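Letter by letter, the chains look like this.
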Amino acid sequence: MGILAGAFLTVHTPRYCTYEAAFEGKLASEVFRPVRDGLVKQGRDVAEVRADVVVINSCHLISTFPTVVDGTPRHQGVLTAQEAPELIHGVAYDYPGDYELAAALVARGKAHGHQCILANDIHYPLDYGTVMPMACYLDRAQRTPLVPVSVCLSNDLDECFAWGRYLAQVARESHKRVGFVASGSVSHKLVRGPERWPSAEDQELDHRFARLLADGEYEKLWGWLPEFAATTKAEMGGRHLAMLLGAVLESAQRFTSRVHAYGPSSGSGNYVVSLLGRW
Ligand SMILES: [Fe+2]
């Protein structure tokens, strides 16, 4: 029987996410150091759960009507981020994929009446919210098969939560150890100025979110998520957070929590939290 081996809330802020910033001490500012160091620690957590495949829901892989699950057997390309070419340019990636798991996830979504697409195309690109956390921190060796899932604008939080549940079900039936990564901010009221923090009120809400997550209060958190997302303008409406909660709530696993860091980026709040399956 397969399992959801771990679930990870991670960060893709471009300034945290260059090789130089991570490992050669060229941070743009000390304000970014805690999250950078947290991401390095989260990379060790990902290694610790020994995932056979990682499913990632990035806030920058955006679809409008269907949920897209990328089952391409090999994700190979070179990324220059459209919205930050000065920070992320020419980053080569070459990850295996997992067509079988992606197809099973899409089949489960279709069976429940969701509009969804299974991509299988060597030209389907990876976005920077996927490449940067994975290639710079979480799987630098690029050995673990990767299945990107889009954040779909037509999905409300319930639908995103359902996709998380389907993922946990498919993981259980897969005979694989499946990792899940939610790549996105918590509060997300963007302003110009990379080092700017969220307001004190939004920081407090972010901290409450992380405390509930760390304490395993997933039901409570799911009940509060719509209000949290609306008040803090959570990235992509909190869709990635809903999928994360659906996955951990559906899983039979209990999780050990590690809260590694919190930091700002252009007014947004960013948590690095790992939930490692206990068995
Ligand atoms: Fe983002």
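All of these numbers come straight from a predicted model, not from anything done at the bench.

Peer 1: Before we move on, could you go through helix 8 (residues 239-250) and cite the residues and values that matter?
Peer 2: Across its twelve residues, helix 8 extends 17 Å between first and last C-alpha, which sits within 8% of the 16 Å expected from 1.5 Å per residue. Helix 8 sits mainly inside the fold: ten of its twelve residues count as buried. R239, H240, L241, A242, M243, L244, L245, G246, A247 and V248 are the residues of helix 8 that are buried.

Peer 1: So, unusual backbone geometry: which residues are in play, and what are the values?
Peer 2: Despite not being glycine, K233 has its phi angle at roughly 50 degrees, a positive value. Relative to the assigned elements, K233 resides in the loop between helix 7 (218-232) and helix 8. Of note in the backbone geometry, M236 takes a positive phi value of approximately 50 degrees without being a glycine. Position of M236 among the secondary structure elements: in the loop between helix 7 and helix 8.

Peer 1: Which residues make up helix 3 (residues 99-111), and what are the values?
Peer 2: When the terminal C-alpha atoms of helix 3 are compared, their 18 Å separation across 13 residues agrees well with the 18 Å that a helix rising 1.5 Å per residue should span. Among the residues of helix 3, those classed as buried are L101, A102, L105, V106 and G109. Projection of helix 3 onto a plane perpendicular to its axis shows the buried side chains occupying an angular sector of 135 degrees, all on one side. Across helix 3 from its buried face, at more than 90 degrees, point the exposed residues E100 and A111. Tucked inside the fold, the buried residues of helix 3 contact strand 2 (53-63), strand 3 (67-70), strand 6 (116-119), strand 7 (146-152), helix 5 (157-174) and strand 8 (177-183). The N-cap residue of helix 3 is D98: its side-chain oxygen and the backbone nitrogen of E100 are 3.3 Å apart. Note on helix 3: the residue one or two positions beyond its end, G113, has a positive phi of about 85 degrees.

Peer 1: Tell me about the packing of aromatic side chains, residues and numbers included.
Peer 2: Within this structure, the stated rule accounts for seven aromatic pairs. With a centroid separation of 4.1 Å and 10 degrees between ring planes, the pair formed by F161 and W222 is classed as stacked. Within this pair, whereas F161 is found in helix 5, its partner W222 is found in helix 7, the two being separated by 61 residues in sequence. Here F161 and W222 have matching classes, each one buried. Judged by centre distance (5.7 Å) and plane angle (75 degrees), the ring pair of W163 and Y166 falls under edge-to-face. Residue W163 and its partner Y166 are located together in helix 5, separated by three residues, close to a single helical turn. A single burial state applies to W163 and to Y166, both of which are buried. One aromatic cluster is present, formed by W197, Y262 and Y271 through successive ring pairs. Between the NZ or CZ atom of R208 and the centre of the ring of W224, over which it lies, the distance is 4.1 Å.

Peer 1: Mind laying out the packing of helix 6 (residues 200-214) against helix 7, listing which residues take part and the relevant values?
Peer 2: Geometry of a packed helix pair, given as the angle between the helix axes and the separation of the axes. Two elements in contact, helix 6 and helix 7, have axes whose closest approach is 10 Å; the angle formed by their N-to-C orientations is 160 degrees. On the basis of their axis angle, the class for helix 6 and helix 7 is roughly antiparallel. Every pair of crossing elements has a handedness; the one defined by helix 6 and helix 7 is left-handed. Facing helix 6, whose interface residues are D202, L205, D206, R208, F209, L212 and L213, helix 7 presents Y218, K220, L221, W224, L225, F228, T231 and T232.

Peer 1: Provide a residue-level description of the pairing of strand 3, including the pertinent values.
Peer 2: Covered by surrounding structure in strand 3 are T67 and V69 together with V68 and D70, the residues of both alternating faces. Note that strand 3 and strand 6 share four bridges and pair parallel. Looking at strand 6, one finds that V68 is bridged to I117.

Peer 1: Run through the environment of V191, naming residues and quoting values.
Peer 2: With respect to the helices and strands, the residue V191 is situated in the loop between strand 8 and helix 6. Sequence separation between V191 and S268 is 77 residues, and the spatial gap between their C-alpha atoms is 8.3 Å. Apart from residues lying up to four places away in sequence, V191 is in contact with R196, S266 and G267.

Peer 1: Run through the coordination of the iron ion, naming residues and quoting values.
Peer 2: Reference values for coordination geometry: four tetrahedral donors around a metal ideally subtend 109.5 degrees, six octahedral donors ideally subtend 90 or 180 degrees. Bound to the iron ion are the protein donor atoms H12 (NE2), H60 (NE2) and E235 (OE), situated 2.0 to 2.1 Å from the metal. Spacing between the donor residues of the iron ion along their common chain follows H-x47-H-x174-E. You can see H12 sitting in the loop between strand 1 (3-10) and helix 1 (19-23) and its partner E235 sitting in the loop between helix 7 and helix 8, a full 223 residues away along the chain.

Reading the values: the criteria
Residues numbered from 1 in each chain as written. Predicted model: local features only at pLDDT ≥ 70, side-chain atom pairs only at ≥ 80, totals over all residues. Heavy atoms only, no water. Helix = DSSP H or I, 4+ residues; strand = E, 2+ residues; numbered from the N terminus. Expected span 1.5 Å × (residues − 1). Buried < 20%, exposed > 50% of the residue type's maximum accessible area, 1.4 Å probe, protein only. Arc of directions from axis to C-beta. Contact = heavy atoms within 4.5 Å. Polar contact = N/O pair within 3.5 Å; in protein donor to acceptor, adjacent residues only side chain to side chain. Phe/Tyr/Trp six-rings, centres within 6.5 Å; stacked < 30°, edge-to-face > 60°. Lys NZ or Arg CZ within 6 Å of the ring centre and 35° of its normal. Axes fitted to C-alpha atoms, helices over the stretch in contact; angles between N-to-C directions. Parallel < 35°, antiparallel > 145°, perpendicular 65-115°, else oblique. Left-handed = near helix turned anticlockwise from the far one by under 90°. Pairing = 2+ DSSP bridges. Donors = N, O, S within 2.8 Å, 3.2 Å for Na, K, Ca; no water.

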